[in-house]
Amino acid sequence: MARIRGRHAARRAATTAAGHRRRGGLRSARYRRGLGGTAVAAVVMAALTASQAPGVELAGDGGADRPGSAGDRTPGDDEYATELPPLESPHPPGTSEPGGSENTSGIPASVLAAYQKAARSLASRTPGCGLRWELLAGIGKVESGHARGGAVDKDGTTLRPILGPVLNGNGFARIKDTDGGRWDSDTTYDRAVGPLQFIPSTWDRWGADGNGDGRKDPNNIHDAALAAGGYLCADGRDLSTGAGLDRAVLSYNNSSDYLRTVLAWFEYYRKGTHAVPDRDLSVLPTTPGVGESGSGSSPGAGRRGADSADPADDRPGKPNRPGEPSKPGKPDKPGDSDEPGDGDDGGGKPSPEPTGPHAIERVGAGKFTAVAGEDFTGHPVVRVETAKGKGVKGVEVRFEVRGETEAAFEGGARSATATTDAQGDATAPALGAGGRTGDFTVRATVPGKKLGSVDFTASVTAPRADTLARTSDVALEAGKGGKFAEAVEVKATRKGKAVANTTLTATFGDEEEAGPYFGKDEQGTPIRRLADLKTGADGVVALPELFAGDRPGTYTLTLTAEGGAGVQVKVVVKG
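Residues numbered from 1 in each chain as written. Predicted model: local features only at pLDDT ≥ 70, side-chain atom pairs only at ≥ 80, totals over all residues. Heavy atoms only, no water.

Comments concerning the overall build of the chain
1) Next: Looking only at helices and strands, the chain has nine helices and 21 strands in total.
2) Next: Counting over 575 residues, the chain shows a buried share of 49%.
3) Next: If you take every contact in the chain between residues at least 6 apart in sequence, the share linking residues at least 24 apart comes to 66%.
4) Next: Carbon and sulfur atoms provide 48% of the accessible area of the chain, an area that totals close to 26000 Å². (Helix = DSSP H or I, 4+ residues; strand = E, 2+ residues; numbered from the N terminus. Buried < 20%, exposed > 50% of the residue type's maximum accessible area, 1.4 Å probe, protein only. Contact = heavy atoms within 4.5 Å. Areas by Shrake-Rupley, 256 points an atom, 1.4 Å probe, with all protein chains shown as cover.)

The following block contains the structure:
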């Protein structure tokens, strides 16, 4: 009871210092990872710590010692919202008192369904994890304000990209581009992506298909929620314990302030919540989360909606400066809407149109092999898609040969273009292997669009014979104990052309020791098998002298070339 009284006293002190939350709401400061909040926020957060699960040990801020910092970056390595839940317990719809917390406890229906579905799925996959959907809701609230208040399409994909700040080391972590700009439209540095703010390299490992459409898209709330759940349950964590819950949240963002904020919302949602219509900003929390401006004093301030603020205010990765007030809302221009293509993609450029190119994907094989001097039989194929995964017709795709190779398109060109068909597919022109063996890359891009790139691996191998044949049709006959007058000579060809420097073996197999042989070794043992025979520039190899042996009969000499081509030669020893 003493802890409870102390907690409530601290909350009252914080409320008095900042102005009653019912009247205007605490104006939460959004700050970068590792930086402290205002004195008021510190008091409130300290008070909230008392309500956490027993045994929770908070990690230090800054994240300098967080595991995997050199490789698998955790999601959320950027800005996050620091608004805390109301002091009042949530009321169910229609029962809240004036000024109560009904608005804050509401979660957009599509987003709420995604959290709950992901938790159910993880319960069957990792039953020992104990993940509750309210934890996903707490993270989703802090990271993106529940996908900007449920601004998603019918499939759960955000109507506009939600991007964190550029991770260029200027106040944030420094992470060089890992996705070719595919998800974050930045080919220099990475940015956290989507409603649950996955860094591209982390999504590459943990990405999931939560809505069963065959795609793993960090911009889709169903995919992102399932991936976040899998990430939180990793390494056998038990989230039903305080220590396990602590470690899971800190793995998402190694900051004690972040931990306190997420767990505060987690506990708040556990006390009660309800679904509200997607994008009904009148019944949503006031802090928009990552990629949005700071909160206003009225519900929905700082978000773009029916009564929208300036779209520049909710540009991902552009927080207000300390002490700088949020920009006042501006009315929308006639015809403005929050559909794809409206607003900003986080880099100061308009988002793509709903039917415009959004991504470039590989179609079919990613590796091709050809023999030196020939053409590749397969062709690299890519598909240009909209944000909803539909092919885009008429887009020019550039295919470029990269690496030390003689491979080239028609006319010796190192690059060529192709236009997407009705399905959005573009097929590279025929590619000649050249005479040099080795590996190289064919890269596909869309000129003038930051869609990333697709790489295909190609290998040029030395020619292998498809045919072996004797160069003479003279019968090979000799008397026992004698020597054959004519040497055995064969030629290796491929598609009728001589194959030089290819390896052959020659053997009489399991014939008895008295049969034909190729001379004797140092111990005087007859040699009946030869290896590492090499064809000359004309594709011909002549075998050493052949001796008849002491037993008359008909024998079979088998010659096999590298790659499997072979020929059998009849050898007769007369009595």
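Read on for the rest.
Considerations on the packing of aromatic side chains
1) Next: Counted according to the given criterion, the structure contains 11 aromatic pairs.
2) Next: Centre to centre, the rings of phenylalanine 198 and tryptophan 203 are 5.2 Å apart; their planes meet at 75 degrees, and the pair counts as edge-to-face. For the pair formed by phenylalanine 198 and tryptophan 203, the shared burial category is buried.
3) Next: Taken together, the aromatic side chains of Phe198, Trp203, Trp206, Tyr231 and Tyr252 make up a single cluster linked through ring pairs. (Phe/Tyr/Trp six-rings, centres within 6.5 Å; stacked < 30°, edge-to-face > 60°.)

As for the nonpolar core
1) Next: Core analysis: the biggest nonpolar cluster contains 48 residues, and Tyr115, Leu131, Leu135, Leu232 and Tyr252 have the highest contact counts within it.
2) Next: Secondary structure elements with two or more residues in this core: helix H4 (109-125), helix H5 (133-150), helix H7 (221-232), helix H8 (242-252) and helix H9 (256-270).
3) Next: Beyond its immediate sequence surroundings of up to four residues, leucine 135 is in contact with Leu232, Leu239, Leu245, Val249, Val262, Leu263 and Phe266.
4) Next: Core analysis: the second largest hydrophobic core is formed by 29 residues, Ala370, Ala372, Val401 and Val454 among them. (Core = buried A, V, L, I, M, F, W, Y, C linked by side-chain atoms within 4.5 Å.)

Side note on the confidence of the model for the chain
1) Next: Residues at a pLDDT of 70 or more form 69% of the chain, whose mean pLDDT is 74.
2) Next: Every residue in residues 92-102 scores below 50 in pLDDT, and together they form 17 contacts with partners more than four places removed in sequence or on other chains.
3) Next: Within the model, the stretch residues 281-353 combines pLDDT values under 50 with 177 contacts to residues more than four positions away or in other chains. (pLDDT = per-residue confidence, 0-100.)

Considering H9
1) Next: For H9, with 15 residues, the first-to-last C-alpha span of 21 Å sits near the 21 Å given by 1.5 Å per residue.
2) Next: Of all 15 residues in H9, 13 are buried; the element is thus mostly enclosed.
3) Next: Its side-chain oxygen at 3.3 Å from the backbone nitrogen of aspartate 257, serine 255 defines the N-terminal cap of H9.
4) Next: Downstream of H9 by one or two residues, glycine 272 has phi in the positive range, about 145 degrees. (Expected span 1.5 Å × (residues − 1). Polar contact = N/O pair within 3.5 Å; in protein donor to acceptor, adjacent residues only side chain to side chain.)

Describing the packing of H5 against H9
1) Next: H9 packs onto H5 with a crossing angle of 120 degrees between their chain directions and a minimal axis gap of 8 Å. The angle between the axes of H5 and H9 places the two elements in the oblique class. Crossing angle aside, the handedness with which H5 passes H9 is right-handed. Of H9, the residues touching H5 (which contributes Glu134, Leu135, Ala137, Gly138, Ile139, Lys141, Val142, Glu143 and His146) are Tyr258, Thr261, Val262, Leu263, Trp265, Phe266, Tyr269 and Arg270.
2) Next: Among the residues forming the contact of H5 with H9, the class breakdown is 10 nonpolar, three polar and four charged. (Axes fitted to C-alpha atoms, helices over the stretch in contact; angles between N-to-C directions. Parallel < 35°, antiparallel > 145°, perpendicular 65-115°, else oblique. Left-handed = near helix turned anticlockwise from the far one by under 90°. Nonpolar A, V, L, I, M, F, W, Y, C, P; charged D, E, K, R; others polar.)

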